[in-house]
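Examination of the molecular architecture
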Amino acid sequence: MRLVSLGLTLVLLAFVVRLLQVQAVDASAYAARAEQNRYVVHTLAAARGGITDRNGVALAISEDAYDITADPTMFTAERLKTGDGPEQAAALLAPILGQDRAALVRKLRPVNRNSRYTRLAARQTPQVWKQIKDLKAALAKKAETDRHTANVLAGVFADPSSQRVYPNGDLAAGILGWVNADGRGGGGVEQELDKQLTGKDGEVRYAQSGGRQVPTVGSTQTPAVPGSDVELTIDRDIQWAAQNAITEQVRKSRADRGYVIVQDTRTGQILAMANSPGFDPNDLSKADGDAMGNAALQDAYEPGSTAKVMSMAAVLEQKVATPLTHVVVPNRLHRGDRLFQDDIDHATWYLTLNGVLAKSSNIGTILATGELGRSQPEANRVLHSYLHRFGIGDYTGLDFPGETRGILAPPQKWSTSQQYTIPFGQGFSINAMQAASVYSTIANGGVRVEPSLVRGTKGADGRFTPARKPAKTRVVSEKTAKAVAQMLESVVDDEQGTGIKARIPGYRVAGKTGTANRVDPATGRYRGYTSSFAGFAPADNPRVTVYCAIQNATAGSYFGGQICGPIYKQVMEFALKTLQIPPTGAQPANLPVDYKP
């Protein structure tokens, strides 16, 4: 009896020591371990803000989705009583999630054994989560009746998330961009305004047992703050018309690419910016990498004759000539190390300065800009100052991802040939937005308004915050701008003009054609042409600017007036009707193109 009593005493003493250790010495450590296994923390993804056009039409929205997640500690052999829990779970999930089984196994069996969270798949549809949830419930029911069966999906959960959807497919994709696998903006406005669109994630913490939430134990939650909605300046219908027109012409011309920009001349707001080819941000797996961007802002190219409007503005502003000044244009002109000629072979032309622009004479432009200084270097400096004022060589102010500022060398670095090619648009490079802005500056009475693409944002509180007001810069006088606008009318209205295909019945139209030698991005050598047309309407009370450019047309004509003039007409007509802008009814200036010697 004494031995039995001694034994019992020793056993009880061991229990007491163990209890003291658990409840006193190591109490905090055991409590922490219990807390770790008992509570689960999940991120509450913030709803991404939407993107609309100027009229509130949805261009990018977020729909309900789920991030499929897992707690790797619930797939261990100790928890499931089986050594291949991750393999069994991966076999069940792989066909539902459309993922590789081995990749899922690696996520469920991470290197860090203390990891409580891993994302198996992002932004899955509600239907996908329902499949997993039903399968998980069936396994749980079977495990209750058969103790040899483990619920290998007990550690699989779902976090509410959202999926980015673009209701109009490829419409304005170059502007909108896309959202990448991590839910961040991967291009365009989605990237530029990612911080405002994303919002702030929240989190929820709750008690769980066996992979299920314990309803009787309280949970804590920090709500997510939704991202702001963004309202763009573009008009969806005008964007559609521009995109449809340029896509069709690029196809007909078998060109590398093309772009159209429509701008409000008074406010600088962009009404459309279309690129072809484009891509569908709903399915990036089928997108061409070269088309996933905004070529209208990212391509740098030599503008050609559409740039002559800046040379003419400089000549008029410096008062070295008027639209009626006589210019004798020979068949060939020797300057520097080159012999210059016009696009067509001709006898000596006797043109007015207006006629030089109407007939797009390179030689006449060289002669006119040569009067800007007492010497050629001085003339170069004057011309460069005007190009810079028009925004050439600088960013447009849109702050768009990947935008190029173009190339404009300082005048002292112009080569012998550049001194004479830059006046007619060769020897420097621009992007399409810069080109459109030049014509909007003339249309706006000589004042350049910084282009804008965002009208404002609407926060979670419903308050609308307008975008900052664009900067305005006086480039040339109102008198000069009006004179240049009248000269641009001759390009379209006069039978000798190069832009007759851009005529719009009932409206006074100002415009300019361009056909430039094109530098092949692959070789760095001249190959093919950049065809373009730029202008505004109504010419005597401008409201809308349209610019079109097509790169390397290989079928049919490559002249800007022939392939871009009709695009200008089609898009401008649509824009005028959409914005309900009537003709002014005034008679054109009808400036003379030539004179008799």
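In the block above lies the structure referred to throughout.
Reference entry: report on the structure contained in this document. Nothing here was measured: the structure is a model prediction, and the numbers come from that model.

Reading the values: rules and limits
Every chain is numbered independently, its residues counted from 1 as its sequence is written. Local features in this predicted model are restricted to residues of pLDDT 70 or higher, and side-chain atom pairs are both shown and tallied only at a pLDDT of 80 or more, whereas totals for entire chains, interfaces and linings draw on every residue. Hydrogens and water are ignored here; the side-chain numbers use all heavy atoms of the structure. Within 6.5 Å between ring centres, the rings of Phe, Tyr and Trp (the latter by its six-membered ring) count as paired, and their orientation is classed by plane angle as stacked under 30 degrees, edge-to-face over 60, tilted in between. What counts as a helix is a DSSP run of H or I of at least four residues, what counts as a strand is a run of E of at least two, and both are numbered from the N terminus. Throughout this description, buried means an accessible area under 20% of the type-specific maximum (1.4 Å probe, protein chains only), exposed means over 50%, and partly exposed covers the range between. Lysine NZ or arginine CZ positioned within 6 Å of the ring centre and within 35 degrees of the ring normal marks a charge as sitting over the ring. Interaxial angle, 0 to 180 degrees, is taken between N-to-C directions of lines fitted to C-alpha atoms, where a helix line uses only the stretch in contact. Angle categories are assigned with fixed cut-offs, so that under 35 degrees is roughly parallel, over 145 is roughly antiparallel, 65 to 115 is roughly perpendicular, and the rest are oblique. It is the rotation of the near helix from the far one that decides the hand of a crossing: anticlockwise by less than a right angle makes it left-handed, clockwise makes it right-handed. The contact criterion used throughout is that any non-hydrogen atoms of two residues lie within 4.5 Å. Ten residue types, Ala, Val, Leu, Ile, Met, Phe, Trp, Tyr, Cys and Pro, are classed as nonpolar, four, Asp, Glu, Lys and Arg, as charged, and the remainder, Gly among them, as polar. Buried Ala, Val, Leu, Ile, Met, Phe, Trp, Tyr and Cys residues form a nonpolar core when they are joined through side-chain atoms within 4.5 Å.

1. Observations concerning the packing of aromatic side chains
Taken as a whole and assessed by the stated rule, the structure comprises ten aromatic pairs. Here the aromatic rings of Trp178 and Phe279 are separated by 5.9 Å at their centres, their planes lie at 85°, and the arrangement is edge-to-face. You can see Trp178 sitting in strand β6 (residues 178-179) and its partner Phe279 sitting in the loop between β13 (270-276) and α11 (295-298), a full 101 residues away along the chain. Taken as a pair, Trp178 and Phe279 share a single burial class, namely buried. A centroid spacing of 6.2 Å and a plane angle of 80° characterise the contact between Phe340 and Phe424, whose relative ring orientation is edge-to-face. Of this pair, Phe340 sits in strand β16 (residues 338-340) while Phe424 sits in the loop between α16 (418-421) and α17 (432-443); the two residues are 84 residues apart in sequence, bridging distant segments of the chain. Here Phe340 and Phe424 have matching classes, each one buried. Cation over ring: Arg389 sits above Tyr386, and NZ or CZ is 4.3 Å from the ring centre.

2. Observations concerning the packing of helix α4 (residues 85-97) against helix α5 (residues 101-108)
A packed helix pair is summarised by two numbers, namely the angle formed by the two axes and the spacing between the axes. The interhelical angle for the contact between α4 and α5, taken along N-to-C directions, is 130°, at an axis separation of 8 Å. With respect to α5, the axis of α4 lies oblique. Note on packing geometry: the crossing formed by α4 with α5 is right-handed. The segment α4 lies against α5, with Pro86, Glu87, Ala89, Ala90, Ala91, Leu93, Ala94 and Leu97 engaging Arg101, Leu104, Val105 and Leu108. Among the residues forming the contact of α4 with α5, the class breakdown is ten nonpolar, no polar and two charged.

3. Let's talk about the nonpolar core
Counting residues in each nonpolar core, the largest one holds 92 residues, and the members touching the most others are Val189, Leu232, Met273 and Met310. Broken down by element, this core gets its largest block of residues, eight residues, from α17. Val189 has contacts with Ile51, Ile175, Leu176, Asp194, Leu197, Val230, Leu232, Phe400 and Leu453, leaving out every residue within four places of it along the chain.

Purely spatial values, then, with no claim about function.
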